[in-house]
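Structural features, examined
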Amino acid sequence: MSIRALQLRIGRTAPVRHYEQLRSRCLTVRCYNSGFRSRDARERFPRERPDGTKRFESRESNSSNWQQHDRGNPDQLQWRQPYEGDRRQPGREQRSSWQQERADGAERPVTTTSILQDNWKGDAVYGVSPVLAALKFSRRTLYSLHVQEGLKPAKKKDQTAVARAVQAAKAAGADVCSTSKHDLNIISGNRPHQGLVLDCSPLSFVPIDRLEDANQSPGDLTKPPLWLVLDEVMDPQNFGAALRSAHFLGASGVLTCHRNSAPLSPVVSKASAGAMEAMPVHSAQNLPRTLAAAAAAGWQVIGATSDPTSMNCLDVSMTQPTLLVLGNEGVGLRTTVRNVCQALVKIDTGHVTDPDSVDSLNVSVATGILLHQLLTSRNKQ
């Protein structure tokens with residue numbers, strides 16, 4: 001019978017004084033096993049009997065006896081055995097490198113830093129498309145290209161892209177190194193690098209405070225330019241996706257805020273699928289002032305909002321150089337930017353929305369829809 005069951009039985013049947021004596025006895029046993037004994041406990045329960053033998057076993061021997069009891073009990077063995085199904089199996093490219101270590105019984109070390117990270121020089125551009133774009137447009141200073149050891153892409157086009165990246169890096173004079181997947185994961189911050197990481201100089205915004213006159217803009221006069229303006233879009237995923245849409249649909253340029261904007265980081269380059277490497281991104285110190293100067297120079301400034309009073313985007317036609325302005329997902333356009341806009345447009349929903357349902361689009365999705373609508377109306381002129 002356990003001590004707890006004995007306590008309950010004595011507490012129900014015996015006087016209170018018997019229960020207190022038993023409780024004192026239990027506390028003394030616990031204190032003895034933990035190495036602490038009060039003065040009262042030493043007097044009432046000496047460590048040794050009169051014949052010299054110990055009254056209680058030590059903590060180590062007591063634990064050893066319980067372990068031996070558990071090993072011999074089949075019920076205890078069942079839950080002590082580890083379940084192999086919970087262990088994550090290594091990747092295909094890791095099994096060969098770990099096979100010898102597992103045979104020797106050595107554990108794979110888990111580290112968060114590497115020598116490669118200490119010797120890194122610039123930005124870590126990761127992913128097949130951003131690396132190829134950075135090598136193709138040569139807007140960065142290239143240091144080295146790191147390819148994952150034993151990389152075997154599943155898709156044939158990825159194999160061709162890796163070979164093209166290695167060839168372009170060698171032609172540009174950059175070092176090509178074979179690096180472990182563990183080091184590439186640390187350099188890229190455990191993001192999907194696809195086996196390619198490029199060490200290169202960072203990109204920066206192209207400062208601009210005033211756009212050229214709309215009547216003097218170069219290019220085909222039948223196709224007026226369309227610029228995308230991002231007002232304080234700070235999420236790198238949305239920023240990169242908007243750059244991807246602008247580059248794919250043929251926007252003439254991209255303008256953003258010098259402050260409170262997502263920097264041109266490798267995360268933005270990956271989200272843009274390499275579009276950030278292909279097109280320059282301009283920044284203005286004072287965006288409302290730059291937009292006001294552009295409106296005075298003949299540009300049409302259109303802002304995107306979700307207000308019910310805004311014009312439907314299908315009713316807007318592009319007949320002159322235009323600036324399409326979009327704000328972030330939190331607050332949308334700032335008041336100073338909204339006041340400069342000459343027209344406000346929205347994207348109508350396909351159904352009646354409830355107050356608690358989705359009432360707006362992602363800023364990158366709205367960018368693609370509005371750019372496509374304006375460029376389509378321009379081409380119909």
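Sequence order as written defines the numbering, with residues in each chain counted from 1. A pLDDT threshold of at least 70 governs which residues receive local features in this predicted model, and a stricter bar of 80 or more applies before side-chain atom pairs are shown or counted, although totals over entire chains, interfaces and linings include all residues. Only hydrogens and water are set aside when side-chain values are computed; all heavy atoms of the structure are taken into account.

1. A word on the sheet that holds strand β6 (residues 226–231)
The pairing of strands in a sheet happens through backbone hydrogen bonds and is either parallel or antiparallel. Formally: Should DSSP find at least two bridges between two strands, the strands are regarded as paired. Only DSSP runs of H or I with at least four residues qualify as helices, and only runs of E with at least two residues qualify as strands; both kinds are numbered from the N terminus onward. Throughout, a contact is declared for two residues whenever any of their heavy atoms are within 4.5 Å. Structural elements are reduced to axes, namely lines fitted to C-alpha atoms, with helices fitted over the stretch in contact, and the angle between N-to-C directions of any two is expressed from 0 to 180 degrees.
If you trace the 8 strands from one edge of the open sheet to the other, you get β5-β8-β7-β6-β11-β9-β12-β10, paired in parallel fashion. With partners counted over all chains shown, the strands left at the sheet margins are β5 (206–207) and β10 (311–312), one partner each. Where β5 and strand β8 (residues 281–284) come together, 2 bridges link them in parallel fashion. When the bridges of β8 are listed, Pro 207 appears paired with Ser 283. The strands touched by helix α16 (residues 363–379) are β6, β9 (300–304), β11 (322–327) and β12 (343–346); relative to β11, the strand with the most contacts, the crossing angle is about 165 degrees.

2. Topic: helix α8 (residues 128–137)
For clarity, the threshold we go by: Working definition: with a 1.4 Å probe on protein chains only, accessible area under 20% of the residue-type maximum means buried, over 50% means exposed, and in between means partly exposed.
With 7 of 10 residues buried, α8 is to be regarded as a mostly interior element. All of the buried residues in α8 are Val 128, Pro 130, Val 131, Leu 132, Ala 133, Ala 134 and Leu 135. Ser 138 lies just past α8 and shows a positive phi near 55 degrees.

3. Considerations on the sheet that holds strand β2 (residues 142–148)
Read across the sheet, 4 strands follow the order β1-β4-β2-β3 without closing on themselves; strand pairing throughout is mixed. Only two strands of the sheet have a single neighbouring strand rather than two, namely β1 (123–126) and β3 (175–179). The mean angle between the axes of side-by-side strands here comes to 25 degrees, regardless of whether they run parallel or antiparallel. Bridging between β2 and β3 involves 5 bridges; their strand directions are parallel. Residue pairing in the sheet places Val 147 in a bridge with Ser 178 of β3.

4. Describing the side chain of Asp 123
Note that Asp 123 resides in strand β1. You can call Asp 123 buried: its relative accessible area is 18%. Not counting residues within four places of it along the chain, the set of residues in contact with Asp 123 comprises Arg 140, Leu 198, Asp 199, Cys 200, Pro 202, Leu 203, Leu 264 and Pro 266.

5. Looking at the environment of Glu 212
Inspection of the secondary structure puts Glu 212 in the loop between β5 and β6. Judged by its relative accessible area of 42%, Glu 212 is partly exposed.

6. Some details on the nonpolar core
The nonpolar side chains of a soluble globular protein tend to be buried with one another. Note the cut-off: In plain words, nonpolar cores are sets of buried Ala, Val, Leu, Ile, Met, Phe, Trp, Tyr and Cys residues tied together by side-chain atoms within 4.5 Å.
Leu 228, Phe 239, Leu 324 and Leu 326 are the most contacted members of the largest nonpolar core, which has 32 residues in total. For this core, the secondary structure elements donating two or more residues are β6, α11 (236–249), β9, β11 and α16. No other element matches α16, which puts 6 residues into this core.

7. Focus on the side chain of Ser 201
Within the fold, Ser 201 resides in the loop between β4 (196–200) and β5. Contact partners of Ser 201, with chain neighbours within four places excluded, come to Arg 140, Thr 141 and Tyr 143.

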